[in-house]
Amino acid sequence: LAVVRSLGRRGIPVWVLYAGDDVLAARSRFTSKRLPLEGERDDERARFLLSLAEEHGLEGWTLFPTGDETVAMVARAHDQLQERFLLTSPPWPVLRWADDKRLTYSLAESLSIPTPRTWAAASAAEAGSLPLEFPVIVKPAVKEELNALTAAKAWRAGDRDELTARFAEAASLLDASLVMIQELIPGGGETQFSYAALCDGGRPLATVVARRTRQYPADFGRASTFVETIECPEIVDPSERLLAEIRFNGLVELEFKRDPRDGQFKLLDINPRVWGWHSLCQRAGVDFPYLAFRLARSEPVPASRSQIGVSWLRLSTDLPTSLREIARGRLSAVGYLRSLFSKHDSAVFARDDPWPALLEFPMLAGTFLRRLRRGDAV
């Protein structure tokens, strides 16, 4: 949605190809045309994009993949797609370091960047016999396929029996080699930080540093709900060293969590695409979609850093999460109200584009009911 608004407000025509539950961007008044993204496999989707370009004269248009599946598809078909489109995301030899967390952590280790302790197992029995301190989490090494585990992002295991059961359930959804066991770093959103950038050959052109103060669900959320721009030099150097090492091109967000036990900022994820709260960056003075559009077109991109103290909120997911945290005694009601009524950027509502906000709650209700029927995480 923020990509559509960023470009559409500048008079740049935008087509939205949607798949799955989230269709808010397709309902923006700045969307020139909306179409379902056809195809199940990568090669089918790549052929669909190429046929669209030929049929509708879209050669030279800029392509923004906005999900894990589509950014991987574009990376694998990079050579084909760049014959018709200008691309804002890297090819597979670069993207693979972010796509597969096993490679991410291996790269981080080679650069002396701290990461959570992580284990692998060939079976649930082996997982249950590992010498671990609980609690731990079970998480997928790659997130391209939608299933109960990738939708939930991670499952918590509080003891050995629960770990054995959770690993077995995860291994029924994807290959056991793709199931990771990882220490659960204590702390909530106040310990979670992000470095976001637009890079050219590993060199950051525009940057934002933020604290992901609240998320949904609260423990290891699928999405941030309240985010603030801050100063945090501790994550800037490791982020820039990693991006330079793989010569990253395009938009990227690196997620860290500060471990209160040793004070280290530990790398959790690399998101090689636009991320949920990136409209915050526009309000803070770094319009990532438009800058990526300019970079793809080989136009000058002014160096820019965000203003400090700018915040962003998605009320529809922040409110229920925060009420639950207040009831648990993990969040101050006064502190929450202060953030709620502070000046912040809304994730969905915009005066010049009201329809997505009006449609958000019916869309979320439909998504909730469908996931409930399927037994997925809600």
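Here is a short report on the structure shown in this document.

Definitions and cut-offs
Residues numbered from 1 in each chain as written. Predicted model: local features only at pLDDT ≥ 70, side-chain atom pairs only at ≥ 80, totals over all residues. Heavy atoms only, no water. Helix = DSSP H or I, 4+ residues; strand = E, 2+ residues; numbered from the N terminus. Rg over C-alpha atoms; globule rule 2.2 N^0.38 Å. Buried < 20%, exposed > 50% of the residue type's maximum accessible area, 1.4 Å probe, protein only. Contact = heavy atoms within 4.5 Å. Areas by Shrake-Rupley, 256 points an atom, 1.4 Å probe, with all protein chains shown as cover. Disulfide = S-S within 2.5 Å. Pairing = 2+ DSSP bridges. Axes fitted to C-alpha atoms, helices over the stretch in contact; angles between N-to-C directions. Core = buried A, V, L, I, M, F, W, Y, C linked by side-chain atoms within 4.5 Å. Phe/Tyr/Trp six-rings, centres within 6.5 Å; stacked < 30°, edge-to-face > 60°. Lys NZ or Arg CZ within 6 Å of the ring centre and 35° of its normal. Expected span 1.5 Å × (residues − 1). Polar contact = N/O pair within 3.5 Å; in protein donor to acceptor, adjacent residues only side chain to side chain. Parallel < 35°, antiparallel > 145°, perpendicular 65-115°, else oblique. Left-handed = near helix turned anticlockwise from the far one by under 90°.

**So, the overall build of the protein chain**
- Scanning the protein chain from N- to C-terminus turns up 15 helices and 16 strands.
- Rg of the C-alpha trace for the protein chain: 20 Å, near the compact-globule value of 21 Å for 378 residues, within the 12% margin.
- Taking all 378 residues of the protein chain together, the buried fraction comes to 51%.
- Relative to all contacts within the protein chain whose residues are 6 or more apart in sequence, the contacts with residues 24 or more apart total 65%.
- In the form shown here, the protein chain has an accessible surface area of approximately 17500 Å², with 52% of it arising from carbon and sulfur atoms.

**Digging into the state of the cysteines**
- Tallied over the full model, the rule gives zero disulfides.
- With no disulfide of its own, Cys 199 has Cys 281 as its nearest cysteine by sulfur position, at a separation of 13 Å.
- Here Cys 199 falls in the buried class, since its relative accessible area comes to 0%.
- With no disulfide partner, Cys 232 has as its closest neighbouring cysteine sulfur the one in Cys 281, 15 Å distant.

**A word on the sheet that holds strand 6 (residues 136–140)**
- Within the open sheet, the four strands sit side by side as 5-8-6-7. Their pairing is antiparallel. Of all strands in the sheet, those with a lone pairing partner are strand 5 (118–119) and strand 7 (155–157), marking the two edges.
- Pairing between strand 5 and strand 8 (residues 179–183): two bridges, direction antiparallel. Residue pairing for strand 8: Trp 119 is matched across the bridge by Ile 181.
- Together, strand 6, strand 7 and strand 8 form the strand contacts of helix 9 (residues 160–171), whose direction differs from that of strand 7 by roughly 150°.

**Points about the nonpolar core**
- In terms of nonpolar packing, the biggest core is built from 36 residues, with Leu 251, Trp 277 and Phe 288 touching the most fellow members.
- Of all elements in the fold, only helix 1 (2–8), strand 9 (192–200), strand 10 (203–216), helix 11 (279–283) and helix 12 (288–296) reach the threshold of two or more residues within this core.
- Each residue touching Phe 288, except ones within four places of it in the same chain, is listed here: Ala 196, Ala 197, Leu 198, Ala 206, Thr 207, Val 208, Leu 251, Trp 275 and Cys 281.

**Examining the packing of aromatic side chains**
- Tallied over the full model, the rule gives five aromatic pairs.
- With centroids separated by 5.8 Å and ring planes inclined at 70°, the aromatic side chains of Trp 15 and Trp 61 adopt a geometry described as edge-to-face. In this pair, Trp 15 sits in strand 1 (residues 15–18) while Trp 61 sits in the loop between helix 2 (42–56) and strand 3 (62–63), placing the two residues 46 residues apart along the sequence.
- Centroid distance Tyr 290 to Phe 293: 6.3 Å. Interplanar angle 20°. Geometry classified as stacked. Placement of both Tyr 290 and Phe 293 in helix 12 is noted, with a separation of three residues, approximately one turn of the helix.
- We note Arg 214 situated over the ring of Phe 226; from NZ or CZ to the ring centre the distance is 4.5 Å.

**Points about helix 13 (residues 315–327)**
- In this model, helix 13 (13 residues) spans 18 Å end to end at C-alpha, consistent with the 18 Å of a helix rising 1.5 Å per residue.
- Those residues of helix 13 that fall on the buried side of the exposure criterion are Ser 316, Thr 317, Asp 318, Thr 321, Ser 322 and Glu 325.

**What about the pairing of strand 6?**
- Along strand 6, five of the five residues are buried, which leaves the element largely enclosed by surrounding structure.
- Residue alternation in strand 6 divides its side chains into two sets, Val 136, Val 138 and Pro 140 and Ile 137 and Lys 139, and both sets are buried.
- Relative to strand 7, strand 6 is paired through three bridges, and the arrangement is antiparallel. Across the sheet, residue Val 138 finds its bridge partner in strand 7, namely Trp 155.
- Taken together, the five bridges between strand 6 and strand 8 define a ladder with antiparallel strand orientation.

**Comments concerning the side chain of Ser 311**
- Turning to its location among the elements, Ser 311 is positioned in strand 15 (residues 311–313).
- A relative accessible area of 5% places Ser 311 in the buried class.
- A polar atom in the side chain of Ser 311 sits 3.3 Å from the backbone oxygen of Lys 343.

**What to know about the packing of helix 3 (residues 68–76) against helix 5 (residues 92–99)**
- Two elements in contact, helix 3 and helix 5, have axes whose closest approach is 9 Å; the angle formed by their N-to-C orientations is 155°. The angle between the axes of helix 3 and helix 5 places the two elements in the roughly antiparallel class. Handedness of the helix 3/helix 5 crossing: left-handed. For the pair helix 3 and helix 5, contact is made by Val 71, Ala 72, Ala 75 and Arg 76 and by Trp 92, Leu 95 and Asp 99, respectively.

**Remarks on the pairing of strand 10**
- Counting buried residues in strand 10 gives ten out of 14 residues, a clear majority hidden from the surface.
- Turn length for the strand 9-strand 10 hairpin, with the two strands adjacent in sequence and antiparallel, is two residues, and the turn residue Gly 201 shows positive phi of about 60°.

**What to know about the packing of helix 13 against helix 14 (residues 333–340)**
- At a closest axis distance of 10 Å, the pairing of helix 13 and helix 14 adopts a crossing angle of 165°. What the angle tells us is that helix 13 and helix 14 run roughly antiparallel. In the packing of helix 13 onto helix 14, the handedness of the crossing is left-handed. The segment helix 13 lies against helix 14, with Leu 315, Asp 318, Leu 319, Ser 322 and Ile 326 engaging Ala 333, Tyr 336 and Leu 340.

Remember, this is a structural readout, not a statement about activity or role.
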